[in-house]
Amino acid sequence: MSNRRRFTPVEMTITSASFLCAVLWAFPLYWAVVTSLKTETDVVAPGLHLLPQHWTLSSYLFVIRNTPILIWYLNSIVTAVVITVVVIGISASCGYALSQLRFPGRGLLYAIIVASFMVPIQALIVTHFILMADFGFINTWAGVILPQLIVPVVTIVYKQFFDSIPKDYREAAILDGASHSSLLLRIYLPMNWGVTTALAIITFIGAWNNFLWPFLVATSNNSMTVTVGITQVHDAYGVQYARTLATAVMAALPVVIAYLLFQKRVTESVMLSACVKG
Amino acid sequence: MAPDSLPTDPVPAEHFKDAAAAVGRRAARQSDMRVAALFIAPFALAYLVLFIYPTLKMIELSFTNAPLIGSGHFIGLRNYFRLARDHLFLGSVIHTAYFVLLTVIPNTVVGLGIAILVNRLKGPARSVVLGCFFIPYVLPSTVVYQIWDWVLDRQFGVAQILIKAITGQPVSVFDSPVWAMPMIALVTIWWTSGFNILIFIAGLRNIPDDLYDAAALDGAGRWRCFASITWPLIWPVTALVMTIQLILQLKIFDQVYLFTDGGPFNSTYVMVQFIYREAFEQNKGGLASSAALLLFVVIAALSVIQFQVLKVRGAE
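It should be emphasised that the depicted structure is a prediction, and the values quoted were computed from it without experimental measurement.

Undergrad: Just give me the short version of the overall build of chain A, but keep the residues and values in it.
TA: Regarding its fold elements, chain A presents 15 helices and 0 strands. In summary, chain A has a C-alpha radius of gyration of 24 Å against a globular reference of 19 Å for 278 residues, an excess of more than 25%. Projected onto its principal axes, the C-alpha positions of chain A cover 75 × 70 × 35 Å. Taking all 278 residues of chain A together, the buried fraction comes to 45%.

The following block contains the structure:
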């Protein structure tokens, strides 16, 4: 829109309304953080207090001392990092093969991967559970990790980005005697470093946030992920709101930090997944 | 590559390069298959074991009376006949449809509205406002649950100020069959609209500014601009967002399980929860698999439509 319309009263009103909406939208987040920093008595005190009367970290200390949240953290970090690394690794190499190599069954493989978008992973919970039980992986990291390795979108995105790299690079490198693995590691991946970061962040966030599968496969107190575990604290301590919200803030912290650090990449990855997924 | 460094002798150098490239290409083609096998193997193995096998196994189980762990007998289509008469299952289909109705179109409208608001802003104001709307999208469902369970708490929840202003009294929203599903839908919109906002902002950016300038010169008002420029040009994106939402919201489980566990009086009991409960609480792997297969068929059909929408979008 042209500039002369920007400072009319109507425009100013719309801008202020946007800010008001944004503040209201983010208010539950603010309220959760503030509540977690109050004492339990202040939390249920009458009246609306937008800031704590007495700032305290006691809820956080309580949760750290009295629940296995640090173990859950470890489980979440290990499983989310392994899922991210493995998904990126197997998808990049498969995407490279689909894009750069000619072999029989290539079209079929690509068709199967595209078709697999249609299968809702939630429909597979029963057979995934049976499979993990057969492997003896219930309540283990492997059990949490394995079914989450199926992320077809990553392979497709890699194939499309590798397709767009000019063939000259490859020809020249092959002339110099480079192998395909060094081509992938030295040229194709570094040239798509931005895409790789974006895909890695969204995979990590997805794995960290996943509820249904870890909830089914990791039920013992020491094998849960943070995302699942925090609901246990809620059940165990009933109406201790500050403690409950302290666990929520702790569970959300890694993904929120990841988002704030890599805002641009997260945005990019949402676009990437939408353009392929839909 | 010594010949390349001799500027006085360019022609042989080119010959050499072409010949070498041809040799290289031939060698590359011969080794392609072996390399391809190595590059694909890890992905293919994961896919076979963790995706194709479980899918086929689900189809097989749906025709048996197997428990969750252990084998059962082939019983033909009996599971499906049972589902057709099972009030809990039929209810779960209806509740899922109700949830889809409450979320898909409102979430798309909210996404477009906020995207238009954010798109007007410039500089840091824009990133801050966008951040406020987007952050909920990166949170785990359990965190969303804990935040809103507290905000909507009947006794101490801050949202009860608003609810009291509207209804005259505090309401325990997740204990009321009337309030529960709309509230879960509201929380879901708050949680997921960040995704839609981003897609819409990208779509809005593709609309050329000259169109609006020309319309402004012709004296077109704000609403006229929206109706004749923004809406028709953003429509393909809108269709895309709606199909993505439709497929996503059909798979609802987390919010319902956490907020209400399907209650009160099964008023929020949805399809994935039916699958979960039959398999993991009732120990009926076969019946759960047939419900899962039905969900699978519905979503596969919708995905085909989604691909068509994408194709239309690509063609434009």
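From this point on, the discussion continues.
Undergrad: For the interface of chain A and chain B, give the residues involved together with the corresponding values.
TA: Residue-level contacts link 77 residues of chain A with 73 residues of chain B. Sorting elements by how many residues they give to the side of chain A that touches chain B places helix α1 (residues 9–36) of chain A first, with 12 residues. Tallied by class, residues from the side of chain A that touches chain B come to 56 nonpolar, 18 polar and 3 charged.

Undergrad: A description of the packing of α1(A) against helix α4 (residues 123–134) of chain B should follow, citing residues and the corresponding values.
TA: Between α1(A) and α4(B), the least distance of the axes is 8 Å, while the angle of their chain directions is 35°. For α1(A) against α4(B), the interelement crossing comes out left-handed. Contacts between α1(A) and α4(B) pair Ser18(A), Phe19(A), Ala22(A), Trp25(A) and Ala26(A) from the former with Val129(B), Cys132(B) and Phe133(B) from the latter. Here the residues of the contact of α1(A) with α4(B) are counted per class, giving 7 nonpolar, 1 polar and no charged.

Undergrad: Give a detailed account of the domain arrangement of chain A, specifying residues and quantitative values.
TA: Residue and element names in this part refer to chain A. Once the domains are mapped, chain A shows domain 1 (3–60) and domain 2 (62–277). For domain 1 and domain 2, the distance between their C-alpha centres works out to 33 Å. Each partner contributes to the interface: domain 1 provides 11 residues, whereas domain 2 provides 11 residues. Of all the secondary structure elements, the ones that give two or more residues to the side of domain 1 that touches domain 2 are α1, α2 (40–43) and α3 (58–66). Considering each element in turn, the side of domain 1 that touches domain 2 owes the most residues, 4 residues, to α1. Here the residues of the side of domain 1 that touches domain 2 sort into 4 nonpolar, 5 polar and 2 charged.

About the thresholds
- Residues numbered from 1 in each chain as written.
- Chains lettered and ligands numbered in written order.
- Predicted model: local features only at pLDDT ≥ 70, side-chain atom pairs only at ≥ 80, totals over all residues.
- Helix = DSSP H or I, 4+ residues; strand = E, 2+ residues; numbered from the N terminus.
- Rg over C-alpha atoms; globule rule 2.2 N^0.38 Å.
- Buried ≥ 20, exposed ≤ 12 C-beta atoms within 10 Å, placed from the backbone.
- Contact = placed C-beta atoms within 7 Å.
- Nonpolar A, V, L, I, M, F, W, Y, C, P; charged D, E, K, R; others polar.
- Axes fitted to C-alpha atoms, helices over the stretch in contact; angles between N-to-C directions.
- Left-handed = near helix turned anticlockwise from the far one by under 90°.
- Domains from an automatic or database assignment.

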